Amino acid sequence: MVFMRFRPQLITSSLSRVPKPSRTLALPPLAAAAARRRSLIASLSFSSSYSMAGAAPSEDALRRALAERQAAVDAQAEAVRSLKAAGAKDGVDAAVEALKALKIEAGAAARRLQAAVGSGGGAAREEMRQAVVNTLERKLFYIPSFKIYRGVAGLYDYGPPGCAVKSNVLAFWRQHFVLEENMLEVDCPCVTPEVVLKASGHVEKFTDLMVKDEKTGTCYRADHLLKDFCKDKLEKDLTLSPEMAAEFKHVLAVLDDLSPEELGAKIKEYGIVSPDTKNPLSAPYPFNLMFQTSIGPTGLNVGYMRPETAQGIFVNFKDLYYYNGQKLPFAAAQIGQAFRNEISPRQGLLRVREFTLAEIEHFVDPEDKSHPKFADVADLEFLMFPRELQLSGESAKLLKLSEAVSKGTVNNETLGYFIGRVYLFLTRLGIDKGRLRFRQHLPNEMAHYAADCWDAEIECSYGWIECVGIADRSAYDLKAHSEKSGVPLVAHEKFSKPREVEKLVIVPSKKDLGLAFKGNQKMVVEALEAMSEKEAMDMKAALESKGETNFQVCTLGKDVVVTKKMVSISMEKKMEHQRVFTPSVIEPSFGIGRIIYCLFEHSFYTRPSKSEEEQLNVFRFPPIVAPIKCTVFPLVKNQEFDNAAKVLDKELTAAGISHIIDTTGISIGRRYARTDEIGVPFAVTVDSATEVTIRERDSKQQVRVGIDEVASVVKQLTEGQSTWTDVEFKYPSHIGPQGDQE
């Protein structure tokens, strides 16, 4: 791992390029006025030249321009003060005019920079977020848990529309993955014995880095403090030098790759203190995120609330493999609650202590990671952010999935296939394609056993948020549980006739490794056993020629020296009737709450009412995830229309369509606005006993449909069997007194 160290540059370094004040003092009044006009024209042409060229100036160029103009203002202000102090009368007016002109230039430069850095940040994002959150809480999509007792950070309740959205998202997830990929679904307990989580590594390694307020003891996540500091500086400090801006951007890019020591050094270097008290902070140290409990009355059987659902699938591999007819590949899936004792929960549904995960473990032969359906997703093109682009400070780029796999950017076809399927799932839910990217893990983020790992990140008002992780975890999990339990979690490939095979055998000397590495022995042993055949044979050659070699242990974050007596590496020939191997695992893991929150933001917009005195909130949920599929409004209160609404109620219920019957009698426009605000895609207005109108939420267009066809039309629309364009083509459009009155 390479971490570039940047040293802060003084902003005043640009002063050396500013003309000396004496040159400005000589300007007569008329010349000063002309200079001011030229400055204004130059200021305007500065931005227009980029406009004509079709490209906006870079943030770096804008920061440099502002620094130079501010330096010129400072120098001219000093010159004015010097003239006044000297009692000079000639030239003061000209100098003041020149100062005003320079201030106008500096102000224009500041506004250009603010527009550039503000386009992705600050006040606009906060304002939009508040509008979304206020609407969600007011309409009871979700609210803080235990609200009457002032709540508990990181715990939330879903209200009726929130439950419906979540249920619809999970139903679509099951359809898209479990049914379409013929997965085996399981449902395992939330309480997990300690031995399982020791084998998986969670007891030892499931940690975040924490810092404490040295006086009050309040705890914070170290990486969050550093991230917030850098983002705040980039978005709000217009005097920031280009060099420091570049450093902060680099820190944000490699934040997940920083070691505890590097993280602590940056916090100290930037003078980051406790956000609440401004007290100094401790050095970062690990905090285990699992909730501990006990199983049974004695308290001796230690357990934990599971931090993920995957382990339940791994420990059931043997039975699932036999259930599947001992055939690979196959996948198992689980939806369930997970628990993490977050250090400082924030960001609403994005960082909580209890949440819903939907996880897939796809078991595959490590020697054949091709996928028979890869061609179905190969031509997809979307934003990808490989580690090379991250480390070089570049942005994500549009890449075709087939190209990313063929070039080795994505490790293998099966991993690529699931990346493509995740992209389709998220975009069909309603996630904006332009605000979705797949970011590859940096070296220090990945476990030593992982072959490759990508996160589906969605941009929202909080920035880029990891919502899905897609990892090739190799064979680590099954090997770990096999070793701990003594039960071999393996697969078999039977040969039609015996074969002579050559097998790699790696035998670490735990005694010698323990003497050399003490507490780090286990990590070195795991890294040695995880070597590929090429890595092992290269090490064998180096040990035979030199007696020792450097070996990188990712979990230690450094190279260690391995000697010949520490490990035995050989290739042995054997006759075998079958091949016994531990399958590799490709794991897509979905944070359902995070996906739902990003969907809320991506679906939210406002539009003016007819009076144009207020903005109306709308959620443009796709019908597949909308909490309520349609509403039924009798146009006016009379028995005929009420009876027709009751008929529609029965037919919609029989068709399994969630709906609301609204007979409140308020204006039809207000009823439309009220249901638009919770994302209902279709509204049925009853204005006769035989025909009704169906209105589409976003276009506000209406069609005339027979009352006996309503349930069928709405069902086809909500299940994706037809589109609104299809309906408009088939049925006559309608504009009448029941049109929108918002």
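Structure report, in brief. Numbers given to residues run from 1 along each chain, matching the order in which its sequence is written. In view of the model being predicted, local features appear only for residues whose pLDDT reaches at least 70, and side-chain atom pairs are presented and counted only at 80 or more, with totals across whole chains, interfaces and linings using the full set of residues. Excluding hydrogens and water, the side-chain values take into account all heavy atoms of the structure.

## Things to note about the overall build of the protein chain
Where helices and strands are cited, they refer to DSSP runs of H or I of at least four residues and of E of at least two residues respectively, numbered from the N terminus. From N to C terminus, the protein chain includes 25 helices and 28 strands. Whether two residues are in contact is decided by their heavy atoms, any of which lying within 4.5 Å being enough. In the protein chain, once contacts between residues fewer than 6 apart in sequence are set aside, the share between residues at least 24 apart is 69%. Methods summary: accessible areas were calculated by the Shrake-Rupley approach with a probe of 1.4 Å, and residue burial reflects only the protein chains presented. Entry remark: accessible area of the protein chain is about 36,100 Å², with carbon and sulfur atoms responsible for 53%.

## Here's the deal with the side chain of Glu181
Mapped onto the secondary structure, Glu181 falls in the loop between α6 (160-179) and β3 (184-185). Look at Glu181 and you get buried, because its relative accessible area is 17%. N or O atoms closer than or at 3.5 Å make up a polar contact, with two conditions inside protein: a donor-capable atom paired with an acceptor-capable one, and, for residues adjacent in sequence, both atoms drawn from side chains. Among the polar contacts listed, one links the side chain of Glu181 to the side chain of Tyr417, at a separation of 2.6 Å. The contact partners of Glu181, leaving out residues within four places of it in the chain, are His176, Lys373, Tyr417 and Arg421. Burial classification: accessible surface area is computed with a 1.4 Å probe over protein chains only, and a residue below 20% of its type maximum counts as buried, one above 50% as exposed, and the rest as partly exposed.

## Quick look at the state of the cysteines
A pair of cysteine sulfur atoms is labelled a disulfide when the two atoms are within 2.5 Å. Counted by the stated rule, this structure contains zero disulfides. Summary of cysteine pairing: Cys598 is not part of a disulfide, and the nearest cysteine sulfur, belonging to Cys467, is at 4.0 Å. On the accessibility criterion, Cys598 (0% relative accessible area) is buried.

## Quick look at helix α11 (residues 260-269)
Among all positions in α11, only Glu262, Leu263, Gly264, Lys266 and Ile267 are buried. Taken together, the buried residues of α11 touch β5 (207-212), α9 (222-236) and α10 (242-253). One or two residues past the end of α11 sits Gly271, with phi positive at roughly 70°.

## Details of the environment of Leu515
Counting through the fold element by element, Leu515 comes out in helix α18 (residues 510-517). Residue classification places Leu515 among the exposed positions, given a relative accessible area of 58%. Separated by 51 residues in the primary sequence, Leu515 and Met566 have C-alpha atoms spaced 10.0 Å apart.

## A look at the packing of α18 against helix α19 (residues 521-529)
What counts as an axis is a line fitted to C-alpha atoms, over the stretch in contact for a helix, and the angles between N-to-C directions run from 0 to 180 degrees. It is at 9 Å that the axes of α18 and α19 come closest, and there the two elements cross at 130°. Considering their axes alone, α18 and α19 lie oblique with respect to each other. The crossing of α18 and α19 is right-handed. Between α18, through Lys510, Leu513, Gly514 and Phe517, and α19, the contact on the second element is made entirely by Gln521, Val524, Val525 and Leu528. Taken together, the residues of the contact of α18 with α19 sort by class into five nonpolar, two polar and one charged. In what follows, roughly perpendicular refers to angles from 65 to 115 degrees, roughly parallel to angles under 35, roughly antiparallel to angles over 145, and oblique to any angle outside these ranges. Crossing chirality is assigned from the near helix's rotation relative to the far helix, an anticlockwise turn below a right angle marking it left-handed and a clockwise turn marking it right-handed. Residues were grouped as follows: Ala, Val, Leu, Ile, Met, Phe, Trp, Tyr, Cys and Pro as nonpolar; Asp, Glu, Lys and Arg as charged; and all remaining residues, including Gly, as polar.

## Things to note about the pattern of salt bridges
Salt bridge criterion: a side-chain nitrogen from Lys or Arg within 4 Å of a carboxyl oxygen from Asp or Glu. Taken as a whole and judged by the stated rule, the model has 41 salt bridges. Ionic pairing is found between Glu181 and Arg421, a salt bridge with its closest N-O pair at 3.1 Å. Of this pair, Glu181 sits in the loop between α6 and β3 while Arg421 sits in helix α16 (residues 413-429), placing them 240 residues apart in sequence. Each member of the pair, Glu181 together with Arg421, is buried. In this structure, the salt-bridge partner of Arg221 is Asp208, at a minimum N-O distance of 3.0 Å. Taken together, the positions of Arg221 in strand β6 (residues 219-221) and Asp208 in strand β5 put the pair 13 residues apart, joining distant regions of the chain.

## Section: unusual backbone geometry
In the segment running from Leu328 into Pro329, the intervening peptide bond is cis, with an omega of -5°. With respect to the helices and strands, the residue Pro329 is situated in the loop between α13 (317-323) and β10 (330-339). For Arg150, which is not glycine, the phi dihedral falls at a positive 75°. Counting through the fold element by element, Arg150 comes out in the loop between β1 (142-144) and β2 (156-158). The backbone phi angle of Lys700 is positive, close to 65°, even though this residue is not glycine.

## Some remarks on the packing of α6 against α16
One way to put it is that α6 packs onto α16 with a least axis distance of 11 Å and a crossing angle of 145°. Remark: the crossing between α6 and α16 carries right-handed chirality. On the side of α6, the interface is formed by Val169, Phe172, Trp173, His176 and Phe177, while α16 contributes Arg421, Val422, Leu424, Phe425, Arg428 and Leu429. Along the lines of polarity and charge, the residues of the contact of α6 with α16 split into eight nonpolar, one polar and two charged.

## Concerning the packing of aromatic side chains
Note on aromatic contacts: the rings of Phe and Tyr and the six-membered ring of Trp form a pair at centre separations within 6.5 Å, being stacked when their planes are under 30 degrees apart, edge-to-face when over 60 apart, and tilted otherwise. All chains considered together, the criterion is met by 30 aromatic pairs. Arranged with centres 6.4 Å apart and planes meeting at 75°, the rings of Phe314 and Phe363 form a pair that is edge-to-face. Residue Phe314 is located in helix α12 (residues 310-315), and its partner Phe363 is located in strand β11 (residues 354-364); the two are separated by 49 residues in the primary sequence. With respect to burial, Phe314 and Phe363 carry one shared label: buried.

## Some details on the environment of Val618
Here Val618 is to be found in strand β23 (residues 615-619). Separated by twelve residues in sequence, Val618 and Thr606 have C-alpha atoms that sit 5.8 Å apart. Residues contacting Val618, with those up to four places away along its chain left out, are Ser603, Phe604, Tyr605, Arg607, Asp676, Arg697 and Asp698.

## Quick look at α18
When α18 is considered as a whole, its buried residues turn out to be Asp512, Leu513 and Phe517. Down the axis of α18, the buried set is contained in an arc of 105°. They therefore lie on one face. Within α18, the exposed residues directed more than 90 degrees away from the buried face are Lys511 and Leu515. Buried residues along α18 sit in contact with β17 (491-508), α19 and β19 (558-563). By definition, the arc is the one covered by directions from the helix axis to the C-beta atoms.

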